[in-house]
Structures are given as C-alpha cells and as structure tokens.
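Geometric and topological summary
Here is what each chain is made of, one letter per residue.
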Amino acid sequence: MMENAETETYDTLVFDALVFIINLVADQKFQHFNAVLETYISLHFSATLAYRKMMRVLTRYLEMQEGKELNERLMVTFKSLEYIFKLIVRSRGLYHQLYEGKGAEQFSAMVHKFFQRLCTLMSSEREDSIILAQGYALRYVPTILKDLSMILDSQFLSTLLKEFLQSLPADRLVKQRLQSLIAVVNSQLFTQPECRAILLPGLVLELQGLIHYGTEEETCLELLGNVLELLHQPRVGETRGDMQLILELLLRPVTQRVMILGQEHPLSSHYVACMTAILSQMDDTHYTTYIQAFPSHQDLMDYLMETFIIFKDLVRKTVYPPDWTVMAMVQNRVFLRAITQFAKTLAQRFLQGADFELQLWNNFFHLSVAFLTQRTLQLETFSPTKRDAILCRYGDMRGVLGTTIKDMWNQLGLHKMAFIPDLVGPLLEVTLIPEPQLQTLTMPLFYDMMLCEYSLRGNFSTFEDEIIKKLDSEVEGGRGDHKHKLLFQKILLECSAQHPFLEGQCGQFVGLVTGLMDRLLDYRAVMYDDNQAYRMRCTVNLLNFYKEIDRQEMYIRYLHKLRDLHLHYENYTEAAFTLLLHARLLKWSDETFSAQIQGFEAMHTHRQVKESLYNKIIDYFDKGKMWEEALVLCKEIAHQYENETFDYGMLSTNLQLQAKFYHNIMTMLRPSPDYFAVGYYGLGFPSFLRNKVFIHRGREYERREDFELQLLSQFPSAQRMKSTAPPEENIINSPGQHIQCFTVQPVLVEPAHFRNQSVPDQILDFYKANKVQCFTYSRPIRKGPKDPDNEFATMWIERTTYETAYRLPDILRWYEVISMSTVTLSPVEVAVDTMQLTNEKIARVVRQHCGDSRLSVSPLSMLLNGIVDAAVNGGFAKYEKAFFTEEYIRAHPEQQDRILQLQDLIAWQIPLLADGIEVHGQRVPEDLRPFHRRLEECFSQLRNKVEKQYGSRQLPKWGGGRPRSMMTLYRPTSSFKLQPMEAQSKQRSVKDVFVSVCVLTGKYFLR
C-alpha cells in the first residue's frame, strides 16, 4: 500500500487482507497471538502515511451502496475496528512526531467524516442485514475510544460519539445501544467532567424512558450502576452537576419502579441499590434544589408519599439476604438522612393551615416507627463484637430518629388529636425497644397524648383503650420487659407531677398498665412452656384482669385462647365451660354483632353468634360426657326455636339430640374421675403456686400414681413428699420445690329438685363427682396403746375438708383451696362411717344387678361372700367387742348415740344382704349353686344372731319398674338410752316406727 502511495490500486486489497489477518488473530484458537500483534503495532509498525489510506478505505466502505455483501464486509470490518484504529493512531502518531504536529486538522476532519458516514449507516431503519452491521458498530466503536483519545480532543471525540449513539432510531437495538453506553461509561473518556457534560444528558434521558416503561431493565440497571459507581470515585473530578441531572431525571422513575415491581421481584434489589446510591451522593443543596423543582404542591406530596411508603416497605422487609448486614446498614444510613431531610420539608410545606396533610404526616410517623423497629437496628440482639463494629462505623441511628420524631410531634400543635389513637400503637412499639435513650425521648409523648385528649374531652379513655389493646399484642409478640415497665412508670409519674389536675387519673392509669404488664410478662414467659398449669393459670389471670377492667374484647380474646389450650390437651369439659363464658355475654336478639372474632366473620347478630357458640359448647360437653350440662343448653336453644324463631326443623333436630343425651345418661358407661389434692410447698414455685393447695380433677381411669408422675414431670426439680400430714415450716420456707399429692373425696351437693324423690343411680352418680366444691381427706391416726387383737378400738380418723374457690369442673381442671377445716373422728364414728359405706355399696351393687341382667354375677358373689363370711367369722363382732361392752360404754358416755347408730346400721345390713342373696340366687349359674347354698347357710346364722341382738328391720316395698334410690336429707343418729345388751332387741324405741330406709341405699330420711 505504501509502495504505491500515489495510487489506490492496492489499497482496498491490502485493507481487506489486513482485516482478514486481524480477524484471524481474534479467533479463539489464535488469541495468544494478540500480544504479538500489539507488540508489532507499538514497536515495529512505522508507516507514517498509512493512516490516510486506511481512513479513506474505511470511510469508503461506509459510503458504498447498501447490500447484503457489503453489510457482511462491514461486520467483518467492525469486528477488527479496534486494531485498525491502533494502526491508524500509531501511524498518525509517528507522522505527528516526524512533522511536528502537521496535519492534525486534516486527521480530525477524516475522523469526523468517518463518524458522519457511520451515523448515516446507523440511521437506517431497514430490517435486512444492515441491522447486524449496526449491532456490530455499537459493539466495536467504543473499543477505538482509548486510542483516539490519545491524539484527538476529548470533547470533540465525545461530541462525535454522542452523535453516533443518537443517530440510531429510538426503538432499534435498544439492548445493544445500552451495552455500547456501558462500554463508553467504562472508558477513560467518561472520567473527564467535560466529556461527561456532553455524554451524560443523552444517557440519562435514554435511561429515564426505558426505566419508566420497564424496558431492558437488567441492562439499564447495569448502566446506571456503573455511572453511579464511577461518580462515587474521587478521581473523576466535580460531580455535583452530574448528580443533579441524575437526581432530577432518574430518582423518581427508579423509586416508582421499586414500588411497581414489589420486593419479591429479582430486580428489586438492584433498583433499591441504585436508589440508595443516588440518595447517598446527595448533599443538602441537592435536596433543596430537588424539592423546589417540583412544579406543584400536589406533585411534591405525591413524591413524598411514594417515598415514605417505599422506605417503610424496604426497612420492614429488606430485599437483601439476611446476612448482608453491611448493605443493610448502608441503606439505613442513607434512608435516615433522607427521612430527616424530608421531615424539614413536612414542617415547612405541609403543616400550616390548609396545607396540612394528615395522611402524609401519618405516613412519616409510621415510616419512622418501621425504621426504628427493624431487625437490623436491634443492636442488643447482636454479639458484642458485631455490635461494637456497627457502633464504631455507623453509630446508633435510633437516637437520631427518636429526636426527630419528638421534634416533629411537638410541632404538630393543635393537629395532635388527629393522631390519637392511631399513633398510640406505633409509638408503643418504639418505646418497647430496649434502648434507654430512645425510650427516654419517646415515652413523654404518651403523656402529651393523654394531656391532649383530656384537654379536649375531659378524659383520655380512647388513649387508654388503645394502649391496653396494643400492649397486649406487643408484649405477647416478645417486646417489653420489667425495665420498660419501671421506666414507663417513672417517666409518666414525673410528667403528671407537672399537672396536678391530672396526677390522680394518671396514677391510676400507670397502675393499670403496670399491672397488665406484670400479667402479660408472666403469660409470655410460659406461653410456649410444656407446663399446662403455668400456661392456663397465666391465661386465666389475664382474662380475669380484663374482666375486672371491663375490656370485653380482650376478655373474649383470652377466653378463646384458654379454650384452644384445653382442646390441645383434650379437656373438652373445661373448653365448654370456657366458651360458655363468652356465650353468656351475648343476647338472644338480632342486635348487631360487631366484634371481630376469628371463625365468626360471617355472622352479624348476637343470636347467630350465640347459637353457633352453643352448638360448639354442646359438642364439647358431649365429648366430655357431660350430657347433663349439654341438655341445659339444648333446652335453651329449643325454647328459641319454638317460641322466638319458629324454626321447627331445627327444633326437631334439637329434640333428637336431647333424646340421645338422655339415652346416654341412662345407658353409657361413665366412670367418675378422681380428685387429687396437690400442695406446692417451697419458695422455688412461682407466686401463684407457692405454698398453696389445689384440688385437681383427674381424667377417666387416672390413678393417683399416674397423675403424680405426670405432675412431677412438669416440675423435674421438685421432690415428692411421702407424708400426707401438713408440711413443717422448714419445708414451707425452703428454697426448693416440694409436692404433696393425695386423693380426696368429693362431697355431694344434693340438687333441690332431687330431694325426697326416687332417683336412678345413673342420674345421681353424675352429681357425686361433678358440681362439687368441697372435698374430704381422711387420715388414720392412733391414740393410746395399740390393741393387737382389735385394732378398731384405737383407730381414729383425722378428716380434713377442703373448699375450692369455684366448683369443679369449670374453666380449669384445678382450683385453689380457699378454706380448710379438720375434725377428728373417734373409733366409734369411724365404725359408723365404715358400716354406712358398706351398706351403701351393698345396695348399689344389688341395684345394678336388678337393673341390668347382662352384668356378671361375680362382683356380687365376692361382695356377699366377703361380708357374710367375715361376719360369721367375726367381722363386725370386733365392733361389738370394742364398743358394745359395758366397760367401754361407762368410759365413753358421750358416744351413746353413735353406738346406737352403729347397732342400727348392723341391723339394717341384714335386709340389704337378704335382697342381695335373693338376687344372687336368681342369677347364679348352676355350677355355683353349692357356693350359693353356702352363702344362704352363713347368712341364716348371721340373721338369727343380729335380729336376736338388735331387732328385725324391714325394707319398704316399692312398685315395679327400674330400681331407684332416694336423695337423703337426714342420716339418723339413734337417741335411745342405752339398754342392757340382752334387752335391746325387746325394748327398741318407738322412733323406729318413723325411720324408713331408702330402697337399696342404706341411707335414711325422717318421714
């Protein structure tokens, strides 16, 4: 080419060969020759005029008519453009050195002409292969910038580059153009402020449109990120104007895009990073200029609203992985500065008169609360090393924003009431953060709220209701502690001291809140504990507290929590009684029901909710086999169906359900639960158990040993007391835990409508173990020397009666004992008690066999054999030997009535045994007939003996039907004067005429 400098014969051929060689070296197989090529260009290439011919050929290619072959040639040429311009620049540099700068303008004109032809190519809108050539140009033109900037003016080159990029139609090769811009931004050219002034406006406008419509977002974000990263570097000169341009054109589109995409979108984190980077490089002047640039009051308000919402969402749920602490702290620092800047704008532009914007202020306060309560700023939860590192680098941002919140609240003036009660809960969240400086700054705002409402309404009940409701949910959620309670109490009482007219009411309010916090903290401490006693007791404490202070909504909330606990442990009876407390608060009316309770959202009247509750309660009672209680509710609902709503279809279903329950009562096996007295002794128990006795209701077939084992598993460090005697002082005051457990007997409360009535056992048995509040425990003791031949003579009983706070069963399976009384029974009284129980057992077993022929006769056989044989062989003969002697009677004249009563009971046992022998004879199988005859022989001897000594007794004969028992009003204590033993059978008192026995019970009443 240079050997024929005067002609152009070989220029194109040589150029094509050069392009071929460069593309060959560019191939991946020959990439290791790149260094050889660059060495050749920088050290061995020496053609000073080659640049002219190469520029002419290159420009000529661009001037040629379009065609598929030309476009392919252009693509190959563009691919080798970097090394072509390295040769051109090297040649021009050598020429410049040789001729001392001559030809500079000529070369600039040649480059300018090249770019003009390039722009012409780029402006084509044809859809054929030229689009590939345009894409290659966008990709490879930025590669020549580094070399051209060495010999051309940077601003001139930037202008040419700007025209090149803008010549492409807007909707054509968008991604390739963005990638070309990325290459430009990464070039040395973009680090020069004067070049950025030329290139950046077009770049920003390009990004503004694309981000707004969400086009090629990944590439846009990469370009914007590169620009922001470069502007953050110190070596790029003045950037204030550049940031102002980006701020004005890109900040809001980026912010809006974050809002549109949401936090789950994979690109959200990139947008947030760009938004954070923009905000981080803004100074006070930027903020002022940006705020003033909004054309209207409404536009500014819309922007602030958007920003507050986005900030709040981002601090509540970060778009970054949880372990990106540094990124989160950087974002927080930037957001904090922005919030404080926007707070000034709020106070200046949106506070006075008609300009006041409640929603905007509300969003500001909620954003501040979300910022302060975010997980990343809770430094107390971090390890000491991590906490110290954060404090050293970023400081504790909570105090700064706490001061801002306080200042903004104080500027509200008369507008404060607009934020009560809505701001009470968020502010409570802030004060529950365990940071003393922040708590000291924000707690006085509570008093200011109270003062505002009191000044307007004469009370602060709205504030009080809201703080109680929010305190419950916050403490249950894990916030707050005893330190917070004490600081709250101290600050509010100090504030109230400045206003004597409010001091009394404020003191009551503080007492209310601190009492609630104590209970809530206790509840939270055991909320996930396996100890059901703790959980249920704390729940009951809270619901009782809410009932006392008349907070019905919260009371109902904890009733349902207690119900759920009972269902978890399958305490269906207790769950029913718990839900019944809620049902009792409702009316059988069509009054609107407004409370928001889970599961009742579709119900709108009291009647609907109450009926639904009753149906659930009935179902729970059914599962707990408490059919008597279920029937009470069924009858109440039936009355509504029959007399109020006239829904005979539902009435029919209800009556069928009642019939089922009545049938269950008479036919279903329903074991009575045992009751256990449990004493919790020692200072190691919580205050609500410490040194107290509780009566627990056991489960069906639950033995004391099993109950005690389960109880001790809840208190693994407790020691079991072996004695049932009251504990000594050293145990009560010991630092440990001691548990005393023993079985107690419920005391039957006779229903009034059962008195003097014949009641089946199946009905009566329910009341022997349910609806009971008093319980007894008998502990044998001995007085005097033991008689080895007759232990009954010295067997005394210490009987303790326990009264609980409420009846059992109820909303708990246990209740505290509120009173205890102890009496001592003499040996004679013990004998009377034993005989009464024996007679009752005989009567009960006989009744059962009379009522159900399917029962096995074996239990009756064993009972009769044990009594009849024992008597023949000296059973109650030991009573006679111990108590019926003249020596004992003279020594214990005060026991005369008891001795007569014992004789009476012995006499009444005979007709009971006679009925038992008769039933046994009817039911005994043939192979046991010899055994039955033996029973009859023993009984005949026993009857003769007893009737001879104590007279004969006859049971009244009742009509046919099911065997029944009669509730007893009076257990007779015979008042006969003691007669000689041989004369007693002949001289019985006439009062025998008035004493009759209840069929098959062994109980008496005075007719």
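Residues numbered from 1 in each chain as written. Predicted model: local features only at pLDDT ≥ 70, side-chain atom pairs only at ≥ 80, totals over all residues. Heavy atoms only, no water.

**Some thoughts on the overall build of the chain**
Counting its regular elements, the chain contains 42 helices and 11 strands. Relative to the compact-globule value of 30 Å for 1007 residues, the chain shows a C-alpha radius of gyration of 49 Å, a clear excess of over 25%. Its C-alpha atoms give the chain principal-axis dimensions of roughly 170 × 80 × 65 Å. Every one of the 1007 residues in the chain was classed for burial, and the buried ones make up 51%. Considering only contacts within the chain whose residues lie at least 6 apart along the sequence, 73% involve residues at least 24 apart. Total accessible area on the chain stands at roughly 48,100 Å², and carbon and sulfur atoms take up 52% of it. Of the charged side chains in the chain, 110 are positive and 119 negative, and the gap between their average positions amounts to 6 Å. (Helix = DSSP H or I, 4+ residues; strand = E, 2+ residues; numbered from the N terminus. Rg over C-alpha atoms; globule rule 2.2 N^0.38 Å. Buried < 20%, exposed > 50% of the residue type's maximum accessible area, 1.4 Å probe, protein only. Contact = heavy atoms within 4.5 Å. Areas by Shrake-Rupley, 256 points an atom, 1.4 Å probe, with all protein chains shown as cover. Lys, Arg positive; Asp, Glu negative; His and termini not counted. Charge placed at Lys NZ, Arg CZ, Asp CG, Glu CD.)

**Let's talk about the packing of helix H15 (residues 284-292) against helix H17 (residues 325-349)**
The angle between the axes and the distance between the axes are what describe a pair of packed helices. Across the interface, H15 lies against H17 with an axial gap of 11 Å and an inter-helix angle of 45°. On the basis of their axis angle, the class for H15 and H17 is oblique. The handedness of the crossing between H15 and H17 comes out as right-handed. Every residue of H17 that contacts H15 at Asp284, Tyr287 and Ile291 is listed here: Arg337, Ala338, Gln341, Phe342, Thr345 and Arg349. Per-class residue counts for the contact of H15 with H17 are four nonpolar, two polar and three charged. (Axes fitted to C-alpha atoms, helices over the stretch in contact; angles between N-to-C directions. Parallel < 35°, antiparallel > 145°, perpendicular 65-115°, else oblique. Left-handed = near helix turned anticlockwise from the far one by under 90°. Nonpolar A, V, L, I, M, F, W, Y, C, P; charged D, E, K, R; others polar.)

**Quick notes on the nonpolar core**
Counting residues in hydrophobic clusters, the biggest one holds 274 residues, and the most contacted among them are Phe164 and Tyr546. Per-element tally for this core: the top contributor is helix H26 (residues 500-526), with 12 residues. The contact partners of Phe164, leaving out residues within four places of it in the chain, are Phe115, Leu118, Cys119, Met122, Ala137, Leu138 and Val141. The next biggest cluster of nonpolar side chains, apart from the first, holds 39 residues, and it includes Met835, Ile889, Trp908 and Leu913. (Core = buried A, V, L, I, M, F, W, Y, C linked by side-chain atoms within 4.5 Å.)

**Section: the packing of aromatic side chains**
Tallying each qualifying case throughout the model produces 49 aromatic pairs. Measuring from ring centre to ring centre gives 5.8 Å for Tyr680 and Phe694, while their planes differ by 75°; the resulting arrangement is edge-to-face. Linking Tyr680 in strand E1 (residues 675-681) with Phe694 in strand E2 (residues 692-697), this pair joins segments that are 14 residues apart in sequence. Take Tyr680 and Phe694: they sit in the same class, and that class is buried. (Phe/Tyr/Trp six-rings, centres within 6.5 Å; stacked < 30°, edge-to-face > 60°.)

**Focus on the pattern of salt bridges**
Counting across every chain of the model gives 46 salt bridges. Across the pair Arg557 and Asp472 runs a salt bridge, and its minimum N-O distance is 2.1 Å. With a gap of 85 residues between them, Arg557 in helix H28 (residues 552-568) and Asp472 in helix H24 (residues 461-476) connect regions that are remote in the sequence. With a relative accessible area of 30%, Arg557 lands in the partly exposed category. Note on Asp472: relative accessible area 0%, which makes it buried. A single salt-bridge network, built from bridges that share partners, covers Asp472, Glu476, Arg557 and Lys561. (Salt bridge = Lys/Arg side-chain N within 4 Å of Asp/Glu carboxyl O.)

**Describing the side chain of Glu476**
Topologically, Glu476 is positioned in helix H24. Given a relative accessible area of 17%, Glu476 falls into the buried group. When sequence neighbours within four positions are dropped, the list of residues in contact with Glu476 reads Tyr523, Arg524, Met527, Arg557, Tyr558 and Lys561.

**Some remarks on the packing of helix H20 (residues 397-411) against helix H23 (residues 444-457)**
At a minimum axis separation of 11 Å, H20 and H23 run at an interaxial angle of 15°. Viewed along their axes, H20 and H23 adopt a mutual orientation that is roughly parallel. Here the hand of the crossing between H20 and H23 comes out left-handed. Only Leu445, Asp448 and Met449 of H23 make contact with H20, whose side of the interface consists of Ile405, Lys406 and Trp409. A breakdown of the residues in the contact of H20 with H23 according to their chemical character gives four nonpolar, no polar and two charged.

**Some points on the environment of Ala343**
As for its position among the elements, Ala343 is in helix H17. Residues Ala343 and Glu750 lie 407 residues apart in sequence; the distance between their C-alpha atoms is 73 Å.

**A look at empty space enclosed by the protein**
One pass over the structure, following the stated rule, counts two cavities of 30 Å³ or more. A volume near 60 Å³ is recorded for the largest cavity. As for the largest cavity, its lining consists of Phe365, Ser368, Val369, Ile405, Trp409, Leu423, Pro426, Leu427, Val430 and Leu445. Breaking the lining of the largest cavity down by element, the ones donating at least two residues are helix H18 (358-373), H20 and helix H21 (424-431). Of the residues that constitute the lining of the largest cavity, the class distribution is nine nonpolar, one polar and no charged. (1 Å grid on protein atoms, 1.4 Å probe; cavity = no way out; pocket = protein on both sides within 12 Å on 5 of 7 lines; lining within 4 Å. Points joined across faces, edges and corners; volume = space filled by probe spheres on them.)

**Here we look at the environment of His582**
Within the secondary structure, His582 is located in helix H29 (residues 572-583). Excluding residues that lie within four positions of it along the chain, His582 makes contacts with Ile556, Leu559, His560, Ile597 and Leu613.

**A short note on the pairing of strand E6 (residues 772-782)**
Pairing of strand E4 (residues 738-746) with E6, which is carried by two bridges, proceeds in the antiparallel orientation. Its bridge partner lying in E6, Gln745 is registered against Thr776. One ladder, built from 10 bridges, connects E6 with strand E7 (residues 795-808); its direction is antiparallel. Each residue of the ladder has a partner; that of Tyr777, found in E7, is Thr800. (Pairing = 2+ DSSP bridges.)

**With respect to the side chain of Thr514**
Take Thr514: it is sitting in helix H26. Thr514 sits in the buried class, given a relative accessible area of 10%. A polar contact of 3.1 Å, which involves the side chain of Thr514, links it to the backbone oxygen of Gly511. Non-local contacts of Thr514, meaning those with residues more than four positions away in its chain, are made with Lys485 and Gln489. (Polar contact = N/O pair within 3.5 Å; in protein donor to acceptor, adjacent residues only side chain to side chain.)

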